[in-house]
4 protein chains.
Amino acid sequence: MKKIKVGIIGVGRMGQIHLDNLCLKFPDVEVVAISDVMEESKKFADQYGVNKFYKNCNDLIADSEVEAVVICSPTDQHADNIMTAARAGKEVFCEKPMDLSLETVKKVLSVVEETGIKFMLGFNRRFDPNFMKIRSLIDEGKVGEPQIVKITSRDPGPPPISYIKTSGGMFLDMTIHDFDMARFMTDSPVKEVFAVGRNLTDPEIGKAGDIDTAVITLTFENGAIATIDNCRKAVYGYDQRVEVFGSKGMAGTHNNTPDNHYYYDQNGQSASLPLHFFMDRYIRSYYNEMKEFMDCLITNTKPKVGGEDGLISLAIGLAANLSMKENRVVRLSEILND
Amino acid sequence: MKKIKVGIIGVGRMGQIHLDNLCLKFPDVEVVAISDVMEESKKFADQYGVNKFYKNCNDLIADSEVEAVVICSPTDQHADNIMTAARAGKEVFCEKPMDLSLETVKKVLSVVEETGIKFMLGFNRRFDPNFMKIRSLIDEGKVGEPQIVKITSRDPGPPPISYIKTSGGMFLDMTIHDFDMARFMTDSPVKEVFAVGRNLTDPEIGKAGDIDTAVITLTFENGAIATIDNCRKAVYGYDQRVEVFGSKGMAGTHNNTPDNHYYYDQNGQSASLPLHFFMDRYIRSYYNEMKEFMDCLITNTKPKVGGEDGLISLAIGLAANLSMKENRVVRLSEILND
Amino acid sequence: MKKIKVGIIGVGRMGQIHLDNLCLKFPDVEVVAISDVMEESKKFADQYGVNKFYKNCNDLIADSEVEAVVICSPTDQHADNIMTAARAGKEVFCEKPMDLSLETVKKVLSVVEETGIKFMLGFNRRFDPNFMKIRSLIDEGKVGEPQIVKITSRDPGPPPISYIKTSGGMFLDMTIHDFDMARFMTDSPVKEVFAVGRNLTDPEIGKAGDIDTAVITLTFENGAIATIDNCRKAVYGYDQRVEVFGSKGMAGTHNNTPDNHYYYDQNGQSASLPLHFFMDRYIRSYYNEMKEFMDCLITNTKPKVGGEDGLISLAIGLAANLSMKENRVVRLSEILND
Amino acid sequence: MKKIKVGIIGVGRMGQIHLDNLCLKFPDVEVVAISDVMEESKKFADQYGVNKFYKNCNDLIADSEVEAVVICSPTDQHADNIMTAARAGKEVFCEKPMDLSLETVKKVLSVVEETGIKFMLGFNRRFDPNFMKIRSLIDEGKVGEPQIVKITSRDPGPPPISYIKTSGGMFLDMTIHDFDMARFMTDSPVKEVFAVGRNLTDPEIGKAGDIDTAVITLTFENGAIATIDNCRKAVYGYDQRVEVFGSKGMAGTHNNTPDNHYYYDQNGQSASLPLHFFMDRYIRSYYNEMKEFMDCLITNTKPKVGGEDGLISLAIGLAANLSMKENRVVRLSEILND
């Protein structure tokens, strides 16, 4: 059987996850090249038996053996990487976000469209078994018309201040996953955004111009309402829950835990905390999303999560920033039609 | 021992609960009179061995044997009943709300203050063992500074349309409990209100000028944010949950169920639904709140939930109505300083 | 309506529970007399407005106003009380056990039969809402043929050594409830008993000739097997769980807790311990069993739990003692046909 | 780095799991040879890039490149495979059981001892994260002295009748895992065995001379008691739970489920069933046990689960068979000192 030849751009934290999955769990796939600006990252190529290592990602894209590229470079290079790869006729999987500028994203999307490549954006949570289960209960009609979507998304701790300064702010680096989740659950266009943000955990975050705690309300064209609550620091760990209330029932998910033990003593009844962070919690979703991408390449179909989804979530994030700044409801059309 | 002599105005659904509790569970209390506009309600006096039955509540208030009145009349008579009783020097427990007009409520409160009577408002949920447990975890410092309060409050089905028409709308008849709950949990003044309301379950409710589904965001002076979600119709029953996330931990409560059974067969794992409605769910809170009132009478202390709490929750409800109507953030001061 | 006139013999812990229920929750019942060897127990008569107080229980039984007696005297007087009351034509509710001697119990049962009175034994756990729910799932055919019954029954702490010395041993004072529960769940005659008992918690219990920890296997005529595990001391409190596994499904119950809160911090996820002891855990079952008895008096039907059930459970207990002593399987017929 | 060279004997269901783990998840290990009596199993060698395929396992054992063998052949060849491999100086990992004859097992163990090879037996459940968590709570002193161990172990459905006929019976093919688990939890020698077995699910199993439902009691030298309940057919799936009650607390585990969703509608509250069968449920334990074996090879230490553990569990199984047959308590010494 002919294997799909893949190149990976950037082998930081996410790149390594994709490298490991692609090498060990996809018998139909061969990772033929890795690129990374750090020379020492060549060790990953050696470890996984990848023959080619490039310091310059454009060399990887230009490599005629590479059929598809998986982009895990820093966010500010995503747009360039996508466009270069698309123009070279490569299929593209890219970590979110495409870019923090709506204009750039629109430009990227037009290149993707012109070149006709397959393009998938890494909204991995859509591929988490828990959230997929909710979605399938909705699809089976068991929830009825979704009316209220509740998303709780809290991190065990904030990223470094240096990252926060360039991240575009919490709504664009963290909540953007939840915006996509809300859209995934309601399956309806977002109409309005109202965001309240606070700096409550670490004053340094505030000094860097960002927030760490927020509640965001989204309204949808079909009448549904979503409420998202975020915090950059939950002392008990990574809290990732979704609940959808509809006309026929309610479906939700508890957090995943490392084990299902219980313990009782005179002080009470206790159990394990949620899995520590995204690499543990979403380990299966990273596999599942890559499987979706590879399946699309094999069956020549369009990935379920594309550039348009990235565009919309970015727009919601920008609307949330504006809403918070002006303390008012922002219609998504204000942002999109800018 | 001298017993406290109580009169109950109105023996509808709530009046009967208080009658039953006061007669059967408070050895220090004697219900000496009942009043109700329905002649047939005399049967309750007979059943519980209450000697006096009045058709006119003012006769009950005027009865010199009566020391304290428990007001369970229709909402539009609450204000009159309170003021009459206060002026007659009776201690007063009144079901919420005091009135749907802010002006009237302010007038009632001034009478209460002038007369110096003890006054308690029936925000019973503050006395629910589950929510008290969260509150006590906060008081013990285990939650730290409350940052996000999530309240889910959904009814098993809507009240009759006739009731809806005169109720002041969902925010004043249903969410008002949740507004008080949010204040109970954050222990900080509400700053702003943003409400989204929808008519999604029954068009008749919309025709009656009301909504049945809502998400409300409250901001507090101390930086905390609350998100409340409501629906007048949850097919799975009465859903009453609160979760408080803070700097040191998270405390929340699951619904109460009629039993703790589990059942597994080839179709899945199942368990009981929540207790059916408020009379089952809050049965202990009704007892606990009356105990608070009676304890205050005995120990000559001020009830924990007074007229001011009613005033504020009403103001939040009015702000929510305005916010929904104008689709904007409403500062509570707009309403209170009107 | 004519009320049922009840006399209560003994107002210790259990007598007080029944007194309170009968006085406050049964409008059709009037407690007309109390007897207790302790003169100061007269205060309960005063508190609940019971007119007659006797030091001698036979005077209560002889009181012509008394129609039914509720026997809460010490165990060694149960048999005499029942027989005296039966011969006086009174209906009888008696706390378990009837007696620790099989011979005496048989004699009591023959008197009950001769006199034709209604007789109910206080196996209250059959009336616990959780266990009733399992039973009803079995009755609905959802469990299928019961194959394995698991009963965990552990106390928060042992009774006083003085009580242990006269209790007949753990199998007769504690496990006897579980023997009845196993019969309730399988609805089949017990065939064999195998008991392993240990003294693991407090050497004083061993010195008193008793055990504190046990695992008992029961086999039933229909092929079902039950496993019961007991301990007189569970540091985390009163542990009362039942699980029935059958050909079509499994039904079980978790413990009841004082509230349904959850709490998360960096140390883990925690929740409330079980309700403290039998008075809290089985508060509703005490009411339900008394309701059963009163309903039987009103409708002239036979109580669901009668003397035969007491006889069988006692026999199982004696078989367990013999099994443990001789470390062998004991057929119940060895005991019953003795 | 020098890799450990492994040969796998038999690539049926378990062999494939080990093959997959060893090839994909152990960078320090190289599977150099596979043997299987079925010629078509060569495809697994091709798929995983294993160079050598033997039809005869002795050729694999004789292969000088092979340092360690993983034995997944049919049970009746285990003993021969182990002894041949040991005499050839290969380290051995063998699926349980070593053999169904106590005599043969003793012979195998003496060969293992003489040759001084490393030997590990596949009691994989000791490496399940849930049960390891209980064990670690015991090790931390949080459970105190274990007093009662409850093990529930039920299969989703019986194996083929043909398998049952040669399996040695349920106690040797299924419960043997639970016997080892009980020993793992109490860490004390088994003293006595009492077993009750029934044929309740499928008469064909009875005709084949076996049972499908059982409750077994084990007593331990330290006073602890274990109760194990088994069924070959649980309609709701694979049920694997352990609970340990001790002087200082209780630790237990719930089943693992494919997701953590919950769903409510008017019929009740539901959730997912346990993971389907051992390959899903114990997927991590298979990895963990192989890691233990490989770590022992690398660090030259003795595996935690060795031949002695297999011997004892087999003896308990034989004692259970005898106990069931003669309906009496069997001391383990009766079997071991035979």
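Worth saying up front: this structure is predicted, and the values here are computed from it rather than measured. (Residues numbered from 1 in each chain as written. Chains lettered and ligands numbered in written order. Predicted model: local features only at pLDDT ≥ 70, side-chain atom pairs only at ≥ 80, totals over all residues. Heavy atoms only, no water.)

**Let's talk about the sheet that holds strand β5 (residues 91-94) of chain C**
All names here are of chain C. Spelled out, the test is: A pair of strands is labelled paired if DSSP reports no fewer than 2 bridges between them. A run of DSSP states H or I qualifies as a helix once it reaches four residues; a run of E qualifies as a strand once it reaches two. Both are numbered from the N-terminal end. Axis lines are fitted through C-alpha atoms, for helices just across the contact stretch, and the angle between N-to-C directions can take any value from 0 to 180 degrees.
Spatially, six strands are ordered β3-β2-β1-β4-β5-β6 in an open sheet, and the strand pairing comes out parallel. Edge positions in the sheet fall to β3 (52-54) and β6 (119-121), since each of these pairs with one other strand and no more. Each strand axis lies, on average, 20° off the axis of its neighbour in the sheet, ignoring direction. Bridge analysis of β5 against β6 gives three bridges, and the strand direction is parallel. Residue pairing for β6: Val 92 is matched across the bridge by Phe 119.

**Some words on the pairing of strand β1 (residues 4-9) of chain D**
Residue and element names in this part refer to chain D. Stated precisely, the cut-off is as follows: Categorising residues by exposure relies on relative accessible area from a 1.4 Å probe, with only protein chains included: less than 20% of the type maximum marks a residue as buried, more than 50% marks it as exposed, and the intermediate range marks it as partly exposed. Place the viewer so that the strands point away; then a crossover is right-handed whenever the path from the first strand over the helix to the second strand goes clockwise.
With respect to burial, β1 is a largely interior element, five of its six residues being buried. Note: β1 against strand β2 (residues 29-35), six bridges, orientation parallel. From the neighbouring strand, Ile 4 faces β2, where its bridge partner is Val 29. A crossover links β1 with its parallel partner β2, the connecting element being helix α1 (residues 13-25), and its sense is right-handed. Pairing of β1 with strand β4 (residues 68-71), which is carried by four bridges, proceeds in the parallel orientation. Across the sheet, Gly 7 pairs through a bridge with Val 69, a residue of β4.

**Some points on the domain arrangement of chain A**
Residue and element names in this part refer to chain A. Under the convention used in this document: Where each domain starts and ends comes from a domain assignment, either automatic or drawn from a database. What makes two residues a contact is simply this: any of their non-hydrogen atoms within 4.5 Å. Two parts placed together each lose some accessible area under a 1.4 Å probe, and adding up what both lose gives the buried area. Each salt bridge in this description consists of a side-chain nitrogen of Lys or Arg and a carboxyl oxygen of Asp or Glu lying within 4 Å of one another. Residues adjacent in sequence count toward polar contacts only when both atoms are side-chain atoms; beyond that, a polar contact is any pair of N or O atoms within 3.5 Å, and within protein one must be able to donate a hydrogen and the other to accept it. The residue classification treats Ala, Val, Leu, Ile, Met, Phe, Trp, Tyr, Cys and Pro as nonpolar and Asp, Glu, Lys and Arg as charged. All others, Gly included, are polar.
Taken as a whole, chain A is organised into domain 1 (4-117) and domain 2 (126-282 + 313-336). Here the C-alpha centre of domain 2 lies 28 Å away from the C-alpha centre of domain 1. Listed by partner, the interface residues are 11 residues for domain 1 and 14 residues for domain 2. Per-residue buried area on domain 1 facing domain 2 is highest for Lys 96, Leu 100 and Leu 102; these three make up 58% of the total on that side. The interface formed by domain 1 and domain 2 contains zero salt bridges. Linking domain 1 to domain 2 there are two residue pairs in polar contact (both at pLDDT 80 or more). Secondary structure elements with two or more residues in the side of domain 1 that touches domain 2: α1 (13-25) and α5 (102-115). For the side of domain 1 that touches domain 2, a count of residues per class yields six nonpolar, one polar and four charged.

**Details of the sheet that holds strand β4 (residues 68-71) of chain A**
All names here are of chain A. The strand order β3-β2-β1-β4-β5-β6 describes an open sheet built from six strands, whose pairing is parallel. At either margin of the open sheet sits one strand with a lone partner, and together these are β3 (52-54) and β6 (119-121). Between one strand axis and the next, the sheet turns by 20° as a mean value, whatever way the strands run.

**Some thoughts on unusual backbone geometry**
All names here are of chain A. A cis geometry characterises the amide bond from Lys 96 onward to Pro 97, with omega recorded as -10°. Tracing the sequence through the fold places Pro 97 in the loop between β5 (91-94) and α5. Positive phi, normally seen in glycine, also occurs at Asp 187, with a value near 55°. In this fold, Asp 187 is placed in the loop between α9 (175-186) and β8 (190-198). Looking at Asp 187, the relative accessible area reads 62%, which means it is exposed.

**A short note on the interface of chain B and chain A**
Each partner contributes residues to the interface: chain B has 37 residues there, and chain A has 37 residues. Taken together, chain B and chain A are joined by four salt bridges. Here chain B is connected to chain A by 10 residue pairs in polar contact (both at pLDDT 80 or more). Those elements giving two or more residues to the side of chain B that touches chain A turn out to be β7 (146-154), β8 (190-198), β9 (213-220), β10 (225-231) and β11 (239-246) of chain B.

**So, helix α12 (residues 283-299) of chain B**
Using the following cut-off: Given the number of residues in a helix, its expected span is that number minus one, multiplied by 1.5 Å.
Taking 1.5 Å per residue, 17 residues should reach 24 Å; α12(B) reaches 24 Å between its end C-alpha atoms and fits that length. What α12(B) keeps buried is the set Ser285(B), Tyr286(B), Asn288(B), Glu289(B), Met290(B), Glu292(B), Phe293(B), Met294(B), Cys296(B) and Leu297(B).

**Quick word on the packing of helix α4 (residues 75-87) of chain D against helix α5 (residues 102-115) of chain D**
Residue and element names in this part refer to chain D. Using the following cut-off: Note on angle classes: values under 35 degrees are labelled roughly parallel, values over 145 roughly antiparallel, values of 65 to 115 roughly perpendicular, and the remainder oblique. If you view the pair so one helix is near and one far, a crossing is left-handed when the near helix is turned anticlockwise from the far one by less than a right angle, and right-handed when it is turned clockwise.
Running from N to C, α4 and α5 cross one another at 15°; their axes reach a closest spacing of 9 Å. Relative to α5, the element α4 is oriented roughly parallel. When you trace α4 past α5, the crossing you get is left-handed. Two secondary-structure elements touch here, α4 through Ala 79, Ile 82, Met 83, Ala 86 and Arg 87 and α5 through Thr 104, Lys 107, Val 108, Val 111, Val 112 and Thr 115.

**A closer look at the pattern of salt bridges**
On inspection of all chains with the given rule, the structure shows 100 salt bridges over all chains. A salt bridge links Arg135(A) to Asp139(A); its shortest N-O distance comes to 2.7 Å. Of the two residues, Arg135(A) and Asp139(A) are both situated in helix α6 (residues 129-139); the distance of four residues between them amounts to about one turn of the helix. We classify Arg135(A) as buried; its relative accessible area is 13%. Since its relative accessible area comes to 56%, Asp139(A) is described here as exposed. A salt bridge links Arg232(B) to Asp210(B); its shortest N-O distance comes to 2.8 Å. In this pair, Arg232(B) is assigned in the loop between β10 and β11 and Asp210(B) in the loop between α10 (203-207) and β9, connecting sequence segments 22 residues apart. Of the two residues, Arg232(B) and Asp210(B), both sit in the buried class. Among the charged side chains, a network of salt bridges with common partners joins Lys150(A), Glu243(A), Arg154(B), Asp229(B), Asp239(B) and Arg241(B).

**Quick look at the interface of chain D and chain C**
With 37 residues of chain D at the contact, the number on the chain C side is 37 residues. Surface buried jointly by chain D and chain C totals about 3,000 Å² across both partners, of which 65% is contributed by carbon and sulfur atoms. On the chain D side of the interface with chain C, the three residues burying the most area are Arg198(D), Ile225(D) and Phe245(D), jointly 16% of the side's total. The salt bridge involving Glu243(C) is made with Arg241(D); its shortest N-O contact spans 2.8 Å. Seen at the junction of chain D and chain C, the total is 10 residue pairs in polar contact (both at pLDDT 80 or more). Of all the elements in the fold, those that place two or more residues in the side of chain D that touches chain C are β7 (146-154), β8 (190-198), β9 (213-220), β10 (225-231) and β11 (239-246) of chain D.

**As for the relation of the copies chain D and chain C**
What counts is decided by this rule: For the least-squares superposition of copies, only C-alpha atoms count, and only for residues with pLDDT at least 70 in both.
The two copies are related by a screw operation: chain D maps onto chain C through 180° of rotation and 0.0 Å of translation along the axis, at an RMSD of 0.0 Å. In the structure described here, the two chain copies are related by an operation that fits a two-fold rotation axis. Residue Arg328(D), judged by its C-alpha, is the member of chain D lying nearest the rotation axis, at 3.0 Å. Counting the interface residues of chain D, we find that 100% of their copies in chain C are interface residues as well, pointing to one common contact surface.

**Regarding the environment of Val329(B)**
The residue Val329(B) is located in the loop between α13 (307-326) and β15 (330-331) in this model. The exposure class assigned to Val329(B) is buried, which follows from its relative accessible area of 10%. In the structure, Val329(B) is positioned 172 residues away from Gly157(B) in sequence and 29 Å away in space, judged by C-alpha atoms. Not counting chain neighbours up to four residues away, the residues in contact with Val329(B) comprise Phe194(A), Asn327(A), Arg328(A), Glu192(B), Val193(B), Phe194(B) and Glu334(B).

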